[in-house]
Amino acid sequence: MLVASIARKTLNLKRHRIRKVVEANGSIEIHLVPSKRSSLVCSGCGRRCPGYDTRKQRRWKHVPLWGIPVVLVYAPRRVQCPQCGVVMEQIPWSKGKSPLTIALSMVLATWARQIAWKVVASFYGFHWNTVRKAVKDVVNYGLAHRDIGDLLYIGVDEISRRRGHIYHTQVYDLVEKRLLWSEEGRTKVTLREFFVSIGPEQCRRIRAICCDMWAPYIDTIKEMLPKVHLVFDKFHIVQHLGKAVDTVRKEEAARLKAESPELLKKTRYIWLKNPVNLTENQRLRLSDLEKLNLKVNRAYLLKEAFRTFWDHTSPLAARMHLDQWFWWATHSRLQPMREFAWMIRRHQDHILNYFKVPIDNGAVEGLNNKAKVISHRAYGYRSAETFTLALLHGMGKLPEPPLTHRFV
Ligand SMILES: [Zn+2]
């Protein structure tokens, strides 16, 4: 029969054969049995072993055919393995206790990376939860088989879900540009969990960690990896500086509201942007504003003077630049700029580490945008666990279970 023959080929059956294919309850049921000729294989070590007993019949959802659900029906055998003892046989279409075949998990998970999980589910006539299980199977396989033997530079960052109400701590491999780990929370305990999960030996191999000036992360890194180079992320520092400039603008706009309400309107990005990226109109507006003795203009000049800080190649020159800038900023009589300057001074050693180990979370920025897309696609990721699954699936660069037939 043709269906049986296609099933045999696409499932790559070797030690099992199809006993019958029947139509039952609107599904195609494929009933399998062990083929007598060859012995079974141990799921623990992969060696051939004699059978021990037969377990209760199980059913697996498989890839639908012509829109008709397909179910595999098989009573798994246990084997007597000289090394592992009495264990379950290796079933080529199945992994662990999952009610989905590996092929179906791959099909659903492949689509779930591109479109909303709800849409995937409705296309294939499954429940949303089936798609979730599929992604979980594929991610678990990937986590068990990925290679994290050479983590050298990692980035720690946070993202939020549910409109910023819940934070997740993200750990990235900065060399491979992949997400390694994600968990709800942004406390000391959250990040500690990551280091515990990779083990002390792996921790010792990490050379440098890039993160924001967030005290709980800093504490945990110092506690768990006392010898690592901690580098504060330059993009976060620039962001903090931008916020300080913007605060100066807002305060000044409020003060000038009565006499010239239009003066600083819509100038936010003019002060924040890199001058080479300004549009012609913004450039003209800026050159007009520069003629006035505005506080925000002084803040802007301070911000621009900080920009070249990152171009230094020697730690000594960078240090001198910082000292000079600190003096200027703290004498600027602009409170937000002074606060920023003091923050920089407090964290100076780890900022200057950048000139020893020039890493930044720039790659992470792109990945975080991707994370936002993933979280939009999956609106309805209510639980932290599902959110983490979706992120690892989309950004973990995880290895996938091998299939002999491509179903999608
Ligand atoms: Zn074995």
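Residues numbered from 1 in each chain as written. Predicted model: local features only at pLDDT ≥ 70, side-chain atom pairs only at ≥ 80, totals over all residues.

Asks: Quick one: what's the story with the overall build of the protein, residue by residue and with numbers?
Replies: Helix and strand counts for the protein stand at 15 helices and 14 strands. By the compact-globule yardstick of 22 Å for 408 residues, the protein is too spread out, its C-alpha radius of gyration being 29 Å. Viewed in the frame of its principal axes, the protein has a C-alpha envelope of about 90 × 45 × 30 Å. Each of the 408 residues in the protein was classed as buried or not, and the buried ones make up 30%. Long-range pairs, those at least 24 residues apart, make up 58% of the contacts in the protein with a sequence separation of at least 6. (Helix = DSSP H or I, 4+ residues; strand = E, 2+ residues; numbered from the N terminus. Rg over C-alpha atoms; globule rule 2.2 N^0.38 Å. Buried ≥ 20, exposed ≤ 12 C-beta atoms within 10 Å, placed from the backbone. Contact = placed C-beta atoms within 7 Å.)

Asks: Requested: an account of the sheet that holds strand β1 (residues 16-24), with residues and values cited.
Replies: Spatially, 4 strands are ordered β1-β2-β7-β6 in an open sheet, and the strand pairing comes out mixed. Edge positions in the sheet fall to β1 and β6 (58-65), since each of these pairs with one other strand and no more. Within this sheet the neighbouring strands show an average axis-to-axis angle of 25°, counted without direction. Relative to strand β2 (residues 27-34), β1 runs antiparallel, the two being bridged by 8 bridges. Of the residues in β2, the one forming a bridge with Glu 23 is Ile 28. Packed on one face of the sheet, helix α1 (residues 2-11) meets β1 and β2 and runs near 135° to β1. (Pairing = 2+ DSSP bridges. Axes fitted to C-alpha atoms, helices over the stretch in contact; angles between N-to-C directions.)

Asks: Kindly report on the domain arrangement of the protein, identifying the contributing residues and their values.
Replies: One can read the domain layout of the protein as domain 1 (1-94), domain 2 (102-145), domain 3 (153-233 + 360-395) and domain 4 (234-355). A C-alpha centroid distance of 21 Å is found between domain 1 and domain 2. On the domain 2 side, the residues contacting the 7 residues of domain 1 number 6 residues. Top element by residues in the side of domain 1 that touches domain 2 is β6. It accounts for 4 residues. (Domains from an automatic or database assignment.)

Asks: Give me the environment of Lys 295: which residues, what numbers.
Replies: Its location among the elements puts Lys 295 in helix α10 (residues 295-307). A tally of 18 C-beta atoms within 10 Å means that Lys 295 is categorised as partly exposed. Separated by 37 residues in the primary sequence, Lys 295 and Ser 332 have C-alpha atoms spaced 9.3 Å apart. Discounting residues that sit within four places of it in the chain, Lys 295 has contacts with Val 248, Glu 252 and Leu 334.

Asks: I'd like a rundown of the nonpolar core, residues and numbers included.
Replies: Formed by 82 residues in total, the largest nonpolar core has its most connected members in Val 135, Ala 299 and Met 337. No other element matches the 8 residues that helix α2 (residues 102-112) contributes to this core. Sequence-distant contacts of Val 135, defined by excluding residues within four places in its chain, comprise Ala 109, Ala 112, Leu 389, Ala 390 and His 393. By size, the runner-up hydrophobic cluster in this structure holds 5 residues, among which are Leu 40, Cys 42, Cys 49 and Cys 81. (Core = buried A, V, L, I, M, F, W, Y, C linked by C-beta atoms within 7 Å.)

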